[in-house]
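Here's the letter readout for the chains.
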2 protein chains.
Amino acid sequence: MSEARERDRAATKTRLLQAVEAVIAEDGFGAIGVNAIARRAGADKVLIYRYFGGLAGLLSAYAEDGDFWWQVDDMLAEPLPGPHEADGLSRCLAAIFARHAAFLRAHPVTLEVIAWEIAERNELTEALESVREGRSQEMMRRLAARFDLEVAEFLASVGPMFALLGAAANYLAARERRLKIFNGIDLQSDAGWRTLEQSAARMIAGVAGGALSTHSTD
Amino acid sequence: MSEARERDRAATKTRLLQAVEAVIAEDGFGAIGVNAIARRAGADKVLIYRYFGGLAGLLSAYAEDGDFWWQVDDMLAEPLPGPHEADGLSRCLAAIFARHAAFLRAHPVTLEVIAWEIAERNELTEALESVREGRSQEMMRRLAARFDLEVAEFLASVGPMFALLGAAANYLAARERRLKIFNGIDLQSDAGWRTLEQSAARMIAGVAGGALSTHSTD
DNA sequence: GCTATACGTCACCATACGGTGACATGTCAA
DNA sequence: TTGACATGTCACCGTATGGTGACGTATAGC
């Protein structure tokens, strides 16, 4: 006779939050819903309404304590090519692209959320979007400082490039879940991704070798 | 009293196929289903099963006569920088990227399907994937011929670059539906896209100015 | 004219969803 | 001890979905 579960609000809330993660990880964002989450948590769905005000509130809460996105420190962690090395800037940018791609491929829940963002806007996807936008901007500012370049100018040239390469990585990593070949590249193999990283590195070098590395006005 | 609709199988099939398009265009791929389509077509849903064997068959049929993707001829239409102009190859590749992006932004149903591909695999998305893969490969082969470059070598260097830039365009165009800013770029403005195209052009030029334009071994 | 078939309509099923009201029971304060 | 509140359980509602069987009725072939 259903064994009267322990009366512990905090623990139940935690179970619900963990259930969000579990459902996303195992069945994808399409499976998210009060019924599925409550079932997974072994709790009654009415508690989602009582404790979080509904599914939206639960997703918001999940978004707040989850870390779906890389930390700036991790992306800029040493060893990383610096301003005093040959082609330091372009090699540094290429390394960051590779780290970005590696992060995505290692975080399936993040990939699910990225896929979700494209299909729909909700509390979770909005939260991730704003976190990511903030981290990206901060990372670029710190990169500009690292290479002693003027921020506005750096943003103007590197920003669009990172937008393109970041978008490409997001797309390809999300598609890797279900698609093997994209434009002749094997997305589901490390070799395919190495090819992409090398190509990105060459494109970056072409730009950084030009306008960027000149230290411009100074 | 429900006015006994004309008995015309072919016309009904057409109405159902058009309803697929209408539902995708107006409510997105998430709204696709036998009920929604039948409702939109003004037909009974049982006819979807009778005439197409189910939703999957209907989507397959829709995929066959729909043209979701650009034609190679359109992407290579003149005027397009050629082998006898300065920086012909890199300007040509940049122009193709711009055309690709413009196509996407002008075809909302294609964007819906692209978004759909990321979330799910079905008859429709598989059909588009194979069409696109074929067209991309053919376009690259024809580009190699246009610039008198060896195909294998051309594919090895341009393929990954197009994979990255194409993926970026797909992602950003799909996100433009619901997201305004990505990495500081305004996706919902033509100015934002011009910025992206210029950045892509610079990255392409950096690569094409190196290994590519040397005509390599000949 | 008669009959078989094709076409379309309708009613219905089981299932799942989001959401709510009522109730039992444990805990803590007066 | 009594009463208020918090926690959890359960039954239920309306709605929507995918899917099927039964029923008309117009058309075509004999």
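Each value, and the rule that gives it
- Residues numbered from 1 in each chain as written.
- Chains lettered and ligands numbered in written order.
- Predicted model: local features only at pLDDT ≥ 70, side-chain atom pairs only at ≥ 80, totals over all residues.
- Heavy atoms only, no water.
- Helix = DSSP H or I, 4+ residues; strand = E, 2+ residues; numbered from the N terminus.
- Buried < 20%, exposed > 50% of the residue type's maximum accessible area, 1.4 Å probe, protein only.
- Contact = heavy atoms within 4.5 Å.
- Buried area = accessible area lost by both parts, 1.4 Å probe.
- Polar contact = N/O pair within 3.5 Å; in protein donor to acceptor, adjacent residues only side chain to side chain.
- Near = heavy atom within 4 Å.
- Nonpolar A, V, L, I, M, F, W, Y, C, P; charged D, E, K, R; others polar.
- Domains from an automatic or database assignment.
- Bend = angle between axes of the 7 residues up to and from the residue.
- pLDDT = per-residue confidence, 0-100.
- Salt bridge = Lys/Arg side-chain N within 4 Å of Asp/Glu carboxyl O.

Attention shifts here to the overall build of chain A. In terms of helices and strands, chain A carries ten helices and two strands. For chain A, the N- to C-terminal ordering of α and β elements is α-α-α-α-α-α-α-α-α-β-β-α. Referenced to the eigenvectors of the C-alpha coordinate spread, the extents of chain A come out at roughly 75 × 40 × 30 Å. With 218 residues in all, chain A has 51% of them scored as buried.

The next thing to look at is the interface of chain B and chain A. Across the contact, 46 residues belong to chain B and 45 residues belong to chain A. Regarding the contact of chain B and chain A, the summed buried area is about 3,900 Å², with carbon and sulfur atoms giving 65% of it. Its largest share of buried area at the contact with chain A, chain B owes to Ile118(B), Leu164(B) and Asn183(B), together 19% of the area lost on that side. Summed over the shared surface of chain B and chain A, the result is 21 residue pairs in polar contact (both at pLDDT 80 or more). Contributions of two or more residues to the side of chain B that touches chain A are made by helix H7 (108-119), helix H8 (123-146), helix H9 (151-176), strand E1 (181-182) and helix H10 (190-212) of chain B.

All right, on to the protein's contact with DNA strand D then. Among the 19 residues in the neighbourhood of DNA strand D, the closest are listed as Arg7(A), Arg9(A), Thr12(A), Arg50(A) and Tyr51(A). Of all atoms in DNA strand D that approach within 4 Å of the protein, 51% are sugar or phosphate atoms. With respect to DNA strand D, the side chain of Tyr49(B) contributes an N or O atom lying 2.8 Å from a phosphate oxygen. The set of elements that each furnish at least two residues to the surface near DNA strand D consists of helix H1 (9-27) and helix H3 (46-52) of chain A together with helix H2 (34-41) and helix H3 (46-52) of chain B. Partitioned by chemical class, the residues of the surface near DNA strand D number five nonpolar, four polar and ten charged.

All names here are of chain A. For chain A, the domain assignment lists domain 1 (9-65) and domain 2 (72-212). Look at where the C-alpha atoms of domain 1 and domain 2 centre, and you get two points 31 Å apart. Opposite the eleven residues of domain 1 that make contact, domain 2 presents nine residues. The contact between domain 1 and domain 2 buries some 910 Å² in all, and 82% of this surface belongs to carbon and sulfur atoms. In terms of surface lost to domain 2, no three residues of domain 1 exceed Ile24, Phe29 and Leu59, which account for 55% of the buried area on that side.

Arg7(B), Arg9(B), Thr12(B), Arg50(B) and Tyr51(B) are the nearest of the 19 residues found near DNA strand C. A share of 51% of the atoms of DNA strand C within 4 Å of the protein falls on sugar and phosphate groups. A distance of 3.1 Å is found between a base oxygen of DNA strand C and a side-chain nitrogen or oxygen belonging to Arg7(A). For DNA strand C, a phosphate oxygen lies 2.5 Å from a polar atom in the side chain of Thr12(B). Those elements that place two or more of their residues in the surface near DNA strand C are helix H2 (34-41) and H3 of chain A together with helix H1 (9-27) and H3 of chain B. Residue classes in the surface near DNA strand C are distributed as five nonpolar, four polar and ten charged.

Approximately 35 degrees is the largest bend angle found in helix H9 (residues 151-176) of chain A, and it occurs at Val158(A), with the proline Pro160(A) only one to four residues beyond. Burial within H9(A) is extensive, with 21 of its 26 residues counted as buried.

Looking now at the confidence of the model for chain A. Residues at a pLDDT of 70 or more form 93% of chain A, whose mean pLDDT is 91. Confidence over residues 214-218 of chain A falls short of pLDDT 50; this stretch has three contacts with residues more than four positions distant or in other chains.

Summed over all chains, the structure comprises 28 salt bridges over all chains. Across the salt bridge formed by Glu26(B) and Arg40(B), the nearest N and O atoms sit 2.5 Å from each other. With Glu26(B) in helix H1 and Arg40(B) in helix H2, the pair connects residues that are 14 residues apart, well separated along the chain. Assessed through its relative accessible area of 33%, Arg40(B) is described here as partly exposed. Taking the shortest distance from any N to any O, the salt bridge between Arg132(B) and Glu117(B) comes out at 3.0 Å. One end of the pair, Arg132(B), is in helix H8; the other, Glu117(B), is in helix H7, with 15 residues separating them in the sequence. No difference in accessibility class separates Arg132(B) from Glu117(B), as the two residues are buried. Through salt bridges that share partners, Glu117(A), Arg121(A), Glu126(A), Glu129(A), Arg132(A) and Arg175(B) make up one connected network.

On to unusual backbone geometry. Residue and element names in this part refer to chain A. Glu78 connects to Pro79 through a cis peptide bond whose omega is 0 degrees. Of note, Pro79 is situated in the loop between helix H5 (72-75) and helix H6 (88-106). A positive phi angle, near 55 degrees, is found at Asp148, a position not held by glycine. Inspection of the secondary structure puts Asp148 in the loop between helix H8 (123-146) and H9. Classification of Asp148 by relative accessible area gives exposed; the value is 56%.

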